[in-house]
Amino acid sequence: MPETFPTKPEVARPTMIDVARRAGVGLGTVSRVVNGGHGVRDETAQRVRAAIDELGFQRNEVARALRPGKKSTSLALVLGDLTNPFYATIAKSSLEVAGQSGFAVVLGSVDEDPEGEKRAIQELVSRQVAGLMIVPDQGDHAFLQGAGVPVVFVDRPATGIDADIVMVDNEGGGKLATDHLLAQGHERIAILLAPSYYTIGRRLRGFRRAHRAAGIDVDESLVIQLPEGNAEAAEKATREVMLRADPPTAIFASTNFLTEGVLRALGELGQEPAVVGFDDFRLADMLPTPVTVVASDIAELGRSAARLLLDRASGADTRPPQRIVLPCGLIERGSGERPPRSAGERNPR
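The rules behind each value
- Residues numbered from 1 in each chain as written.
- Predicted model: local features only at pLDDT ≥ 70, side-chain atom pairs only at ≥ 80, totals over all residues.
- Heavy atoms only, no water.
- Helix = DSSP H or I, 4+ residues; strand = E, 2+ residues; numbered from the N terminus.
- Expected span 1.5 Å × (residues − 1).
- Buried < 20%, exposed > 50% of the residue type's maximum accessible area, 1.4 Å probe, protein only.
- Contact = heavy atoms within 4.5 Å.
- Polar contact = N/O pair within 3.5 Å; in protein donor to acceptor, adjacent residues only side chain to side chain.
- pLDDT = per-residue confidence, 0-100.
- Pairing = 2+ DSSP bridges.
- Axes fitted to C-alpha atoms, helices over the stretch in contact; angles between N-to-C directions.
- Core = buried A, V, L, I, M, F, W, Y, C linked by side-chain atoms within 4.5 Å.
- Domains from an automatic or database assignment.
- Phe/Tyr/Trp six-rings, centres within 6.5 Å; stacked < 30°, edge-to-face > 60°.
- Lys NZ or Arg CZ within 6 Å of the ring centre and 35° of its normal.

Visitor: For this particular structure, what's the right way to read helix α11 (residues 298-314)?
Guide: Residues lying three or four places apart along an α-helix face the same way, a consequence of the helix completing one turn every 3.6 residues. Its 17 residues place the ends of α11 25 Å apart at the C-alpha level, agreeing with the 24 Å of an ideal helix rising 1.5 Å per residue. Summarising burial for α11: 12 of the 17 residues are buried, a large majority. Within the span of α11, buried status applies to Ile298, Ala299, Glu300, Leu301, Gly302, Ser304, Ala305, Ala306, Leu308, Leu309, Leu310 and Arg312. Against β2 (74-79), α5 (85-100), β4 (131-134), β5 (151-154), β6 (164-168) and β12 (323-326) lie the buried residues of α11. Regarding α11, its N-cap is Asp297, as a side-chain oxygen of that residue lies 3.3 Å from the backbone nitrogen of Ala299 further along. Within two residues after α11, Gly315 carries a phi angle of roughly 85°, on the positive side.

The following block contains the structure:
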């Protein structure tokens, strides 16, 4: 299936969202007026056209090519950096499901930029797509209430709108990882957290739940919030925490990028605390000590979202908004099964 990537509009270019604000109407109303749809009162349509003239808005040419009343066979997917294997897997699996039903998928890649996300969504709505799949940013998504197309959120819920969501059981996965380390006898477990998005917050909640269930207090000095969610930040934090007088005996890395940084630092230090990562990564099973991870079926995340959106777009599914939560599992490979060691063994330097 062909994949097309909408180019990022210039900041000064007026969008359908700008027109909606100027005219005091919803985004869906503007879309209907711009694309020749029906069901808009003459007075409202005149306000929209006046706003279009004042702002100099120009309709997207792809949408212009679609005749009024013609059903779209395209879906839109808005997600983060496609060099991230997580997002790439979601894109690939949703493309496969859509292709099996004769639909193309238009991709928009926006990495943690709420305003950029709004512009990308506006651009995609203007193409008269049959529905939207979105891995949402942290901004308010109330503007989508008037989009006029079904919306399915992936991986995390959005604020400001009640819509379908397909996600992983992040809290359950966080508890699963921590339960496993506690069962090995670890009581001083460090958790490394990427900047606090929804998924990471839920993983931390599972970490705390596991401690409560085991009757063990969380050492808050071992709850480490990183300034950035990359391997470099995790490497630096791991080095610092492992050189403390009383270092942790185990580390839970809340993303696969952080796991990579943890392993790099431990290799430099020559230390071997137990390590469990969240999300699998390439070659994790090929390292000298293979890495124990909490894993979920990311491909199924994309497939489930695409199937639900296709059912919504066709009218086959008219239920209230659904919340689909996919389970996590633990893959034991060796790094998470190390027993606690004495301070002298852990920190020979």
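Visitor: Looking at this structure, I do not really get the confidence of the model for the protein chain. What am I missing?
Guide: Parts of the prediction with low pLDDT should not have their coordinates interpreted in detail. Model confidence for the protein chain is summarised by a mean pLDDT of 87, while 89% of its residues fall at 70 or above. Throughout residues 60-69 the model reports pLDDT below 50, and contacts reaching past four residues in sequence, or to other chains, amount to 13 contacts.

Visitor: Would you mind showing me how to read the side chain of Thr292 here?
Guide: For Thr292, the position within the fold is in strand β11 (residues 292-295). A distance of 3.1 Å separates a polar atom in the side chain of Thr292 from the backbone nitrogen of Arg333. For Thr292, the residues in contact, after removing those within four places along its chain, are His180, Val275, Val276, Gly277, Leu330, Ile331, Glu332, Arg333, Gly334, Ser335, Gly336 and Glu337.

Visitor: Please explain the sheet that holds strand β13 (residues 329-331) as it appears in this structure.
Guide: Pairing between sheet strands relies on hydrogen bonds along the backbone, with the strands arranged either parallel or antiparallel. Taking strand neighbours across the sheet as the criterion, the 6 strands line up as β8-β7-β9-β10-β11-β13 in an open arrangement whose pairing is mixed. Of all the strands in the sheet, just β8 (223-225) and β13 have a single pairing partner and so form its edges. Pairwise comparison of adjacent strand axes, ignoring direction, gives a mean angle of 20° for this sheet. Bridge count between strand β7 (residues 189-193) and strand β9 (residues 250-253): 4 bridges; the pairing is parallel.

Visitor: Even after reading the chapter, I still don't get α5, so can you show me in this structure?
Guide: The terminal C-alpha atoms of α5, which comprises 16 residues, lie 23 Å apart, in line with the 22 Å expected from a rise of 1.5 Å per residue. Within the sequence span of α5, burial applies to Phe86, Tyr87, Ile90, Ala91, Ser93, Ser94, Leu95, Val97 and Ala98. With its phi angle positive at about 80°, Gly102 sits one or two positions after the end of α5.

Visitor: What should I look at first to understand the nonpolar core in this one?
Guide: What tends to happen in soluble globular proteins is that the nonpolar side chains get buried as a cluster. Counting residues in hydrophobic clusters, the biggest one holds 65 residues, and the most contacted among them are Leu75, Met133, Leu192, Leu226, Phe252 and Leu301. There are two domains that each give this core at least three residues, and those are domain 2 (71-168 + 298-326) and domain 3 (170-296 + 331-346). Each residue touching Leu226, except ones within four places of it in the same chain, is listed here: Leu192, Leu193, Pro195, Ala233, Ala234, Ala237 and Leu258. One finds Val48, Ile52, Leu132 and Ile161 within the second-largest nonpolar core, a separate group that totals 37 residues.

Visitor: How should I be thinking about the environment of Ile189 in this particular structure?
Guide: For Ile189, the location among the structural elements is in strand β7. Spatially, the C-alpha atom of Ile189 lies 5.5 Å from that of Ile251, the residues being 62 residues apart in sequence. Setting aside its immediate chain neighbours within four residues, Ile189 contacts Thr178, Leu181, Leu182, Phe207, His211, Leu222, Ala250 and Phe252.

Visitor: I'm lost on the packing of aromatic side chains in this one. Help?
Guide: A ring pair, where both rings are aromatic, is described by two values, the distance of the centres and the angle of the planes. A full pass over the atoms with the stated rule returns 1 aromatic pair. Look at Phe86 and Tyr87: their rings are 5.4 Å apart centre to centre, the planes differ by 75°, and that puts the pair in the edge-to-face class. No difference in accessibility class separates Phe86 from Tyr87, as the two residues are buried. One Lys or Arg, Arg203, reaches over the ring of Phe278 and ends 3.7 Å from the middle of that ring.

Visitor: Any chance you could explain unusual backbone geometry here in plain terms?
Guide: Negative phi characterises most residues that are not glycine, and trans characterises most peptide bonds. Despite not being glycine, Asp279 shows a phi value in the positive range, around 85°. Within the secondary structure, Asp279 sits in the loop between β10 (274-278) and β11. Its identity as a non-glycine residue notwithstanding, Leu283 has a phi of 70°, on the positive side. Of note, Leu283 is situated in the loop between β10 and β11. Given the relative accessible area of 55%, Leu283 is considered exposed.

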